Each structure stands twice: as C-alpha cells, then as structure tokens.
Amino acid sequence: KYISPFAIGNSVTRCAFVGKYRTFPNGSQICTTVFRMPYGQIVATGFVSSPVYYTIPVVGGTGLYANIGGQVQSTATRLVPRREKLTFVIYSIRS
C-alpha cells in the first residue's frame, strides 16, 4: 500500500448536533461530507460521536464514483486547523 503525502482532493462537511447524554453521547452529530476528487465526488453521511476517530458509510458519488458504496474511516491528525487521514473502503455496485 502506498499512501500519498499530498492531497488529492478536498471536502466539505456539514453536521447537526443530535443529543445530550440521554439518547446519544454528548457532542454526537449527524454529518454529511462531500469529498471532491479529480474524477468526481464521493458522498458519505452518518453518525459521529468522536472528533478524533469515526467511520461513516459512503452513500454514493458522481463521475467515476457513481453508484458506489462502502465506508470512510477518519483519524484526526490535527484538530486546529483540522487535518485528517482518510481511508476509503469502496465497493462498486455498478450494473
């Protein structure tokens, strides 16, 4: 496996807080992220309860990434400014 030290795209994330203590852990969020890559976009959305590490499902994409599924794992390498190491596990569901 080769991991590039250079960025190959960027992303935009929007989150909504969903609860305090009783229903969900404090600070829990539902987040949607669009990863913009050279040949299309990958969309992931899911429940995030930690700002340091989370895994959310890939729900679709555009261009080269149309009709895909899988998951993306994020590990924060720096919190301010935010930097993350991302691992995509992608399953093609093209027909």
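Residues numbered from 1 in each chain as written. Predicted model: local features only at pLDDT ≥ 70, side-chain atom pairs only at ≥ 80, totals over all residues. Heavy atoms only, no water.

1. Thoughts on unusual backbone geometry
Along the chain, Val-80 connects to Pro-81 via a cis peptide bond; the corresponding omega equals -15 degrees. Relative to the helices and strands, Pro-81 resides in the loop between β5 (68-78) and β6 (83-92). Residues other than glycine seldom take positive phi values, yet Asn-67 does so here, at roughly 60 degrees. Positionally, Asn-67 belongs in the loop between β4 (53-61) and β5. (Helix = DSSP H or I, 4+ residues; strand = E, 2+ residues; numbered from the N terminus.)

2. Some remarks on the nonpolar core
Counting residues in hydrophobic clusters, the biggest one holds 12 residues: Cys-31, Phe-35, Met-37, Ile-42, Ala-44, Val-48, Tyr-54, Ile-56, Val-58, Tyr-65, Ile-68 and Val-72. Of all the secondary structure elements, the ones that give two or more residues to this core are β2 (29-37), β3 (40-48), β4 and β5. Beyond its immediate sequence surroundings of up to four residues, Val-58 is in contact with Ile-42, Val-43, Ala-44, Ile-68, Gly-69, Gly-70, Gln-71, Val-72 and Ile-90. (Core = buried A, V, L, I, M, F, W, Y, C linked by side-chain atoms within 4.5 Å. Buried < 20%, exposed > 50% of the residue type's maximum accessible area, 1.4 Å probe, protein only. Contact = heavy atoms within 4.5 Å.)

3. A few points about the pairing of β6
Two strands pair when backbone bridges link them, and β5 and β6 are joined in this way by 10 bridges, in the antiparallel orientation. Looking across to β6, one finds that Gly-70 is bridged to Ile-90. Hairpin connection between β5 and β6: a loop of 4 residues separates the two successive antiparallel strands. (Pairing = 2+ DSSP bridges.)

4. Let's talk about the layout of surface pockets
In this model, the second largest pocket occupies a volume close to 220 Å³. As for the second largest pocket, its lining consists of 13 residues, of which Gln-29, Val-48, Pro-51, Tyr-54 and Arg-82 are closest to the centre. Residue assignment for the lining of the second largest pocket shows that the elements contributing at least two residues are β1 (10-17) and β2. By residue number, the principal contributor to the lining of the second largest pocket is β2, which donates 3 residues. Looking at the lining of the second largest pocket, its residues break down into 5 nonpolar, 6 polar and 2 charged. (1 Å grid on protein atoms, 1.4 Å probe; cavity = no way out; pocket = protein on both sides within 12 Å on 5 of 7 lines; lining within 4 Å. Points joined across faces, edges and corners; volume = space filled by probe spheres on them. Nonpolar A, V, L, I, M, F, W, Y, C, P; charged D, E, K, R; others polar.)

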